[in-house]
Amino acid sequence: MTPEQWERVGQIYQAALELKSADRAAYLDQACGGDHSLRKEVESLLAADGKVGDFLDAGAMGDAAKAMAQGKSLSLIGKKLGPYQVLALIGAGGMGEVYQARDARLNRDVAIKVLPASFAKDADRLRRFEQEARATSALNHPNILTIFDIGAASPELGGAPYIVAELLEGEELRAQLQQGALSQRRVIDYAQQIARGLAAAHERGIVHRDLKPENLFVMKDGRVKILDFGLAKLKSSFIGGAIDTDAPTQRKLTDPGTVLGTVAYMSPEQVRGEEADQRADIFALGVILYEMLAGQRAFTGNSTVEVMNAILKEEPPELSEITAKVSSQLARIVQRCLEKRAPQRFQSASDLGFALEALSSASDSSAANAFDSTLSKRVDWNARIWMMTTGVLALIALVLGVAWLNRTPPAVQTVRLTLLAPEKTDFFRRNYALSPDGRQLAFSAVDAAGKVMLYVRALNSFNAQLLPGTEDAYQPFWSPDSGSIGFFSQKKLKRIEVAGGLPQTICEAPDSLGGSWNRENQIILSPTITNRALYRVPATGGTPVPVTTLDSSRSEFIHASPQFLPDGQHFLYYAENNLHVQQGVYVGSLSDRTTKLVLESESLAQYAAGHLLFVKDAVLMAQAFDTRALQLTGEPFRIADHVKIRGRNASFSASENGVLAYQSGTGQEPELIWYDRTGHRLGKVGEPADYGSPSLAPDEKQLAVAIRDPQTKTRDIWLFDPARGGAPSRFTSDPADELNPAWSPDGKWILFSSNKRGTRDLYQKSVNTNQEEELLFASPEVKSVEEVSPDGRWLIYNTVPFGSANTTNNDLWMLPLEGERTPRSLLKTQFSEDRARVSPDGRWVAYRSSETANYEIYIATFPQLNGKRKVSTVGGWEPNWRRDGKELFFIEGSNLMSVEVKSDSRTIETSVPKVLFRADFAGRGRNRYVASGDGQRFLIITQTEDTTPAPINVVVNWTAELKR
């Protein structure tokens, strides 16, 4: 038989299974007509009933199904499909076979769906198989079957394509229905889960079209999974147009009068062979709800034709006539799902889910009456008017209608509440995010032992849910369906389902500056520490590819805090540069590399509810944002005062539906704090300020440090007495940036970087005279002073060749301070090298390099770099030597580390790094701390947090205040 004939066999077989044995003969007479071979194949499958299950979707029966009906063994058991060892056959049907298999790599059992090799060459059937794979793999939701992999069998096994999915433990909903009606509580629970899964699919433009109890699987823990999108209808934009919307498996159907799906659960529009959108799934769910509550089907008949007629013309018996256990509110919901006309049903699965949630949360008669009232308002007004048969009643209705239309609508209330961290924990800095639906808050919290974990709290709950396996989680962000959370942990980007399960790794992310997730299942992030542009990666995992390029004309060095706009193609991000010109929030696009400045700002921004939210001078502002023109409109409004901010990271999050979360704080600038080797605080230097790159004079009697002016936003170098404190003295006063000060060995000069000529160049200035600064070296690259060698012969500096033809990143150079000042390369590779520190004896240099995809500390000979050895083990920043050269310090995360050093003129040995203490390092520029010569004290730029952990403030309907 041809594939088309087999498809017809499958359709007739599926319909016949719905009928009683006594009714099948009449149906087969009608369906098969005079085609005896067609009828013979259907009857042979019916005769094997009990061996041939209803496999995943309605379509043509495959060779495996036929073989199974005839009691033949199948050839794939015991074979390997890629890395999967096939163990047993689970079922077979129109679109192939389902096997249980073992994935030895991850030590887990999986389910594999295989398309028979005899059909793999058929374009129509292969297209449908690929459609299911694409549709289901794109739907990552706790109430939808999870797809792990897709592949093809080896040529020896016929090259059949296959899908690998999670192996479910539980039973089909059909098995529970065979025991009779379910309790109302269980029905509502199941219905809410199914509605959430459908809403996620519909938001992706996917309509199931074959929803039935056989395609709903109830896990042992009570979770419901929607299976089988083999008949799913996709929008043409799905997956970038990769699906052919004219394919036979996706037609409306293209041939008038053709139907797909299982008859008893079809919507009226499906029965008529018309266009079927997401409301067809809502009708099918209504049929399933009716069956769960009543213990019988909504539409019955002695033949398929009679069932179809019932769907089109008849109303099912009232639930109240069948059972008294169903509330009138739930009966109304079911009735609305089963409306014959699609416009009269719930218009989205989200609306249905909301109605079910309102029903489940109604705890008294007043709430139930309010719910009844809400539903009654949706009754068709034409039906009411038709019932008004007298002129008097019509007049009364008219008067009441006018009064209703002219009523004063109730004011939308703004609700405020405060959330505290779980018991015995504190919120971990500013790591929290509202879900897109505004119902949940994900946040990181730290306990007394310093352990950081990810939590989720529903805003209508008193308790927060800890998500297992999320140690060290930070910067959480949500999937569009509010079902999954992306986060960063242990140098990886991970994801976790809110409903349960352990995290999955998406990609490596040695560094992270935020992430965002769109409806096309793409994530954008800044994963690297060498090129801090934005990348994108599939939410299912893969290798990140760049989507932005750092702009060399502005000396950009960071693209951070991305957020997708509603169209899923454009995104906001924060761009930081060394020139502080046009620094702020930009909009980019996945389709090209064009960018547009939206807002000059010192901190990130977020789009929500038609507005751009941003912080200015610790005040949270909102300004209307046109997502088509990609520009701000109107004037900004004040939303909240005293919002916490640290660097570019402002402490707030907002959802699209008008929920806002933020933390209040003093917004205190960092401080210069002295610590001993145990982390005990000894005292401070100066007042809080935006410090960067501190540098101690050789005699340790003076401290040079760059301070950023809050008004001009530029940095100057100031001098302190680090022992006695007191008022600082200004060392530079140019309106440009002066930063990265370094002392000459004799303490008479300070060398620094400045952009007073446009590009950041190298200068020096006398400490004890009033002489003007002297330009040491100028070139097109951005240059940053590292330090002066102990013998005073060399100035070590790094360059950042943004956007040039040079394929390197940060490089290390040496500028002679005597004779002709011609730079000499110290270290130039395709990696990023900086933070160089020469040992006190001048024989060795410690520096930072990214050659392992993560910054680590290395030591090599100086000035010719040989004998390189890695000092750090799990990351390292900012090395500093003790004065005698016998100890090296560096930063690892939030820890100050120590390494013992033994060296002679030729060799050097280092110990295993150990933690001295943990600190909250802050500041800008080359380094964030300095060590005293004896290594007993450390002056650290410290971010001093409020002594009392700040709660998270939540504002519901914050946009209502914009209209006052």
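Check the entry above for the structure.
Parameters at a glance
Residues numbered from 1 in each chain as written. Predicted model: local features only at pLDDT ≥ 70, side-chain atom pairs only at ≥ 80, totals over all residues. Heavy atoms only, no water. Helix = DSSP H or I, 4+ residues; strand = E, 2+ residues; numbered from the N terminus. Buried < 20%, exposed > 50% of the residue type's maximum accessible area, 1.4 Å probe, protein only. Areas by Shrake-Rupley, 256 points an atom, 1.4 Å probe, with all protein chains shown as cover. Arc of directions from axis to C-beta. Phe/Tyr/Trp six-rings, centres within 6.5 Å; stacked < 30°, edge-to-face > 60°. Lys NZ or Arg CZ within 6 Å of the ring centre and 35° of its normal. Pairing = 2+ DSSP bridges. Axes fitted to C-alpha atoms, helices over the stretch in contact; angles between N-to-C directions. Parallel < 35°, antiparallel > 145°, perpendicular 65-115°, else oblique. Left-handed = near helix turned anticlockwise from the far one by under 90°. Contact = heavy atoms within 4.5 Å. Nonpolar A, V, L, I, M, F, W, Y, C, P; charged D, E, K, R; others polar. Polar contact = N/O pair within 3.5 Å; in protein donor to acceptor, adjacent residues only side chain to side chain. Salt bridge = Lys/Arg side-chain N within 4 Å of Asp/Glu carboxyl O. Core = buried A, V, L, I, M, F, W, Y, C linked by side-chain atoms within 4.5 Å.

Undergrad: Teacher, can you tell me more about the overall build of the protein chain here?
TA: In terms of helices and strands, the protein chain carries 17 helices and 63 strands. Within the protein chain, buried positions represent 54% of all 964 residues. Roughly 42,000 Å² of accessible area belongs to the protein chain as shown, and the carbon and sulfur atoms make up 50% of that amount.

Undergrad: For this particular structure, what's the right way to read helix α11 (residues 304-313)?
TA: The α-helix advances 3.6 residues per turn, and as a result positions three or four apart in sequence lie on the same side. Taken as a whole, α11 has its buried residues at Thr304, Val307, Met308, Ala310 and Ile311. What you see down the axis of α11 is that its buried residues fit within an arc of 155°, all on one side.

Undergrad: I'm lost on the packing of aromatic side chains in this one. Help?
TA: Each pair of aromatic rings is reported with the distance of its centres and the angle of its planes. Counting across every chain of the model gives 19 aromatic pairs. For the pair Phe443 and Tyr455, a centre-to-centre distance of 5.5 Å together with 5° between the ring planes defines the contact as stacked. Of this pair, Phe443 sits in strand β14 (residues 440-447) while Tyr455 is found in strand β15 (residues 452-458), placing the two residues 12 residues apart along the sequence. Across the pair, Tyr455 and Phe443 agree in class, each one buried. A ring pair is formed by Phe564 and Phe571, whose centres lie 6.3 Å apart and whose planes are at 80°; its orientation type is edge-to-face. With respect to burial, Phe564 and Phe571 carry one shared label: buried. Members of the aromatic cluster, connected to one another through ring pairs, are Phe564, Phe571, Tyr573 and Tyr586. One residue, Lys765, lies across the ring of Phe731, its end atom 5.0 Å from the ring centre. Lying across the ring of Trp674, Arg937 places its NZ or CZ 4.2 Å from the centre.

Undergrad: Sorry if this is basic, but what is going on with unusual backbone geometry here?
TA: Excluding glycine, residues mostly carry a negative phi; peptide bonds, for their part, are mostly trans. Residue Pro863 follows Phe862 across a cis peptide bond; omega there is 5°. For Pro863, the position within the fold is in the loop between β54 (856-861) and β55 (869-870). We note that Lys424 has phi near 65°; this positive angle belongs to a residue other than glycine. Topologically, Lys424 is positioned in the loop between β12 (415-419) and β13 (425-434). According to the relative accessible area criterion, Lys424 is exposed, its value standing at 73%. The phi angle at Glu878 is positive, at roughly 55°, despite the residue not being glycine. Relative accessible area serves as the criterion here: at 4%, Glu878 is assigned to the buried category.

Undergrad: Help me out: how do you make sense of the sheet that holds strand β28 (residues 596-600) in this one?
TA: What links the strands of a sheet is backbone hydrogen bonding, and the strands pair in either a parallel or an antiparallel sense. What the 4 strands build is an open sheet, ordered β25-β26-β27-β28; its pairing is antiparallel. The sheet is open, and its two edges are formed by β25 (556-564) and β28, each paired on a single side. Each adjacent strand pair in this sheet contributes to an overall mean axis angle of 30°, direction not counted. Pairing geometry for strand β26 (residues 570-577) and strand β27 (residues 584-589), over 6 bridges, is antiparallel. Within β27, the position partnered with Leu572 by the bridge is Val587.

Undergrad: Where do I start with the packing of helix α8 (residues 184-203) against helix α10 (residues 278-294) in this structure?
TA: What describes two packed helices is the angle between their axes and the distance between those same axes. Two elements in contact, α8 and α10, have axes whose closest approach is 11 Å; the angle formed by their N-to-C orientations is 165°. In terms of axis orientation, α8 runs roughly antiparallel to α10. For α8 against α10, the interelement crossing comes out right-handed. Of the residues in α10, those in contact with Gln184, Val187, Tyr190, Ala191, Ile194, Ala195, Leu198 and His202 of α8 are Gln278, Asp281, Leu285, Leu289, Met292 and Leu293. For the contact of α8 with α10, the class distribution of residues is 10 nonpolar, 3 polar and 1 charged.

Undergrad: Quick question: what am I supposed to make of the environment of Glu171 here?
TA: Here Glu171 lies in strand β7 (residues 170-172). For Glu171, a relative accessible area of 34% gives the class partly exposed. Distance in space between the C-alpha atoms of Glu171 and Leu216 is 8.8 Å, their sequence separation being 45 residues. With residues near it in sequence (within four places) discarded, Glu171 still touches Gln176, Leu216, Phe217 and Val218.

Undergrad: Could you clarify how one ought to interpret the side chain of Glu786 in this entry?
TA: Turning to its location among the elements, Glu786 is positioned in strand β48 (residues 782-788). A polar side-chain atom of Glu786 sits 2.8 Å from a polar atom in the side chain of Asn798.

Undergrad: Can you help me understand the pattern of salt bridges in this one?
TA: If you walk through the whole model with that rule in mind, you get 33 salt bridges. Between Glu508 and Lys492 there is a salt bridge, with the nearest N and O atoms lying 2.6 Å from each other. Here Lys492 lies in strand β19 (residues 492-497) and Glu508 lies in strand β20 (residues 504-508), a separation of 16 residues in the sequence. When its relative accessible area of 48% is taken as the criterion, Glu508 is described as partly exposed. Across the salt bridge formed by Asp834 and Arg835, the nearest N and O atoms sit 3.1 Å from each other. Here Asp834 matches Arg835 in class, with each residue buried. Members of the salt-bridge network, linked through shared partners, are Arg174, Glu214, Glu291 and Arg297.

Undergrad: Before we go on, may I ask you to explain the sheet that holds β12 in this structure?
TA: What the 4 strands build is an open sheet, ordered β12-β63-β37-β36; its pairing is antiparallel. At either margin of the open sheet sits one strand with a lone partner, and together these are β12 and β36 (652-654). The sheet shows a mean angle of 15° between the axes of neighbouring strands, taken without regard to direction. Here strand β37 (residues 659-662) runs beside strand β63 (residues 952-956); their pairing, made up of 4 bridges, is antiparallel. Residue Leu660 lies in a different strand from β63, and its bridge partner there is Val955.

Undergrad: Would you mind showing me how to read the packing of α10 against helix α13 (residues 328-337) here?
TA: For the pair α10 and α13, the least separation of the axes is 8 Å and the interaxial angle reads 140°. When the axes of α10 and α13 are compared, the pair comes out oblique. For the pair α10 and α13, the crossing hand works out as left-handed. Where α10 abuts α13, its residues Ile282, Phe283, Gly286, Leu289, Tyr290 and Leu293 lie against Leu330, Val334 and Cys337. Per-class residue counts for the contact of α10 with α13 are 8 nonpolar, 1 polar and no charged.

Undergrad: Help me understand the nonpolar core in this model?
TA: Inside soluble globular proteins, nonpolar side chains tend to come together where they are buried. In terms of nonpolar packing, the biggest core is built from 50 residues, with Leu173, Ile194, Leu211, Leu216, Met292 and Phe299 touching the most fellow members. At the level of secondary structure, the elements contributing two or more residues to this core comprise α7 (173-177), α8, β9 (216-219), β10 (224-226), α10, α11, α13 and α14 (349-361). For this core, the leading source of residues is α10, giving 11 residues. The contact partners of Leu173, leaving out residues within four places of it in the chain, are Leu182, Tyr190, Pro213, Leu216, Val218, Ile288 and Met292. Membership of the second largest hydrophobic core comes to 31 residues, among which are Phe427, Tyr432, Tyr455 and Leu660.

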